[in-house]
Amino acid sequence: LVNAGRYSEALSLREAFPIREWAADTSDPDGADAGFAMVMLELAEGDPARIPALLAALPDLLPETREALLLQAFLRLVNAGRLDEARDFAAREDIEAAALRAEPPLRADAVAALITLDLAPGGEPGRIAPRLDALEQTDPARVKSLAIHAFVTLVNQGRFALADEVRPRIEPAFASFAKAA
């Protein structure tokens, strides 16, 4: 059901039958499959903060698959506006390192989410420029967009020194604009 995207039916089945118990037996291929389906169901319809616990029950999962699923859970926390939880999740699961090891599309999304946290209250805006540097080789168009967003946000927050660190990345985009009269 999960593979077919029939999540409401899968949720009902999970409540009606001991799926959690079956999924706990990862020595059985069906149990491991059920465990993985539980992770995917939680990502699609549940609480992304529960993903690490579900992944811990899948010891044979490839490390890169585990990291990709953790990154997806992190993205869902950020996109849901659960920024404090996302910040704790990122620290606990070493999301920054995982993001840099991820394939380019997921890497760009994860770095963008980390920058979102950096720009939010309680964030670390001094980490924005290095994050943009880390993404430059794989997604320069995304870097430009993120840099403009970061620059404008930092200026609006009155963090002019930090905005000045990002400014060289956006100046070429504004070179063709007419100067104000």
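Draft legend 1. A look at the pattern of salt bridges. Under the counting rule described, the total for this entry stands at 16 salt bridges. Among the salt bridges present, the one from Asp 47 reaches Arg 82, with a minimum N-O distance of 2.8 Å. One end of the pair, Asp 47, is in the loop between α3 (29-45) and α4 (51-56); the other, Arg 82, is in the loop between α5 (63-79) and α6 (83-93), and 35 residues separate them in sequence. Linking Glu 93 and Arg 66 is a salt bridge whose minimum nitrogen-to-oxygen distance equals 3.9 Å. Of this pair, Glu 93 sits in helix α6 while Arg 66 sits in helix α5, and the two are 27 residues apart along the sequence. On the basis of relative accessibility, which here comes to 17%, the residue Glu 93 falls in the buried class.

Draft legend 2. Structural detail: helix α10 (residues 140-156). Taking 1.5 Å as the rise per residue, α10 with 17 residues should run 24 Å; its terminal C-alpha atoms sit 24 Å apart, in good agreement. Among all positions of α10, only Val 143, Leu 146, Ala 147, Ala 150, Thr 153 and Leu 154 are buried. Looking down the long axis of α10, one finds its buried residues gathered within 140° of arc, a one-sided arrangement. In α10, the exposed positions angled more than 90 degrees off the buried face are occupied by Ala 141 and Asn 156. At the exit of α10 stands Gly 158, carrying a positive phi of roughly 75°.

Draft legend 3. Spotlight on the nonpolar core. Ranked by size, the top nonpolar core spans 25 residues in total, and within it Ile 51, Leu 71, Phe 74, Phe 89 and Ile 95 carry the most contacts. Within the residue set of this core, elements represented by two or more residues are α3, α4, α5, α6, α7 (95-101) and α8 (104-119). Looking at this core, the element that brings in the most residues is α5, giving 8 residues. Ignoring anything within four residues of it in the chain, the contact list for Leu 71 reads Ile 95, Ala 98, Ala 99, Ala 102, Leu 106 and Ala 110.

Draft legend 4. Up close: the packing of α8 against α10. One can describe the packing of α8 onto α10 by two numbers: an axis separation of 11 Å at closest approach and a directional angle of 5°. As summarised for this structure, α8 and α10 are arranged roughly parallel, according to the angle between their axes. Contact residues: α8 offers Ala 108, Asp 109, Ala 112, Ile 115 and Leu 119, while α10 offers Arg 142, Leu 146, His 149, Ala 150, Thr 153 and Leu 154. Partitioned by chemical class, the residues of the contact of α8 with α10 number 7 nonpolar, 2 polar and 2 charged.

Draft legend 5. Main features of the environment of His 149. Along the chain, His 149 turns up in helix α10. On the accessibility criterion, His 149 (44% relative accessible area) is partly exposed. Expressed as a C-alpha distance, the spacing of His 149 and Ile 170, which sit 21 residues apart in the sequence, is 9.8 Å.

Parameters and conventions
- Residues numbered from 1 in each chain as written.
- Predicted model: local features only at pLDDT ≥ 70, side-chain atom pairs only at ≥ 80, totals over all residues.
- Heavy atoms only, no water.
- Salt bridge = Lys/Arg side-chain N within 4 Å of Asp/Glu carboxyl O.
- Helix = DSSP H or I, 4+ residues; strand = E, 2+ residues; numbered from the N terminus.
- Buried < 20%, exposed > 50% of the residue type's maximum accessible area, 1.4 Å probe, protein only.
- Expected span 1.5 Å × (residues − 1).
- Arc of directions from axis to C-beta.
- Core = buried A, V, L, I, M, F, W, Y, C linked by side-chain atoms within 4.5 Å.
- Contact = heavy atoms within 4.5 Å.
- Axes fitted to C-alpha atoms, helices over the stretch in contact; angles between N-to-C directions.
- Parallel < 35°, antiparallel > 145°, perpendicular 65-115°, else oblique.
- Nonpolar A, V, L, I, M, F, W, Y, C, P; charged D, E, K, R; others polar.

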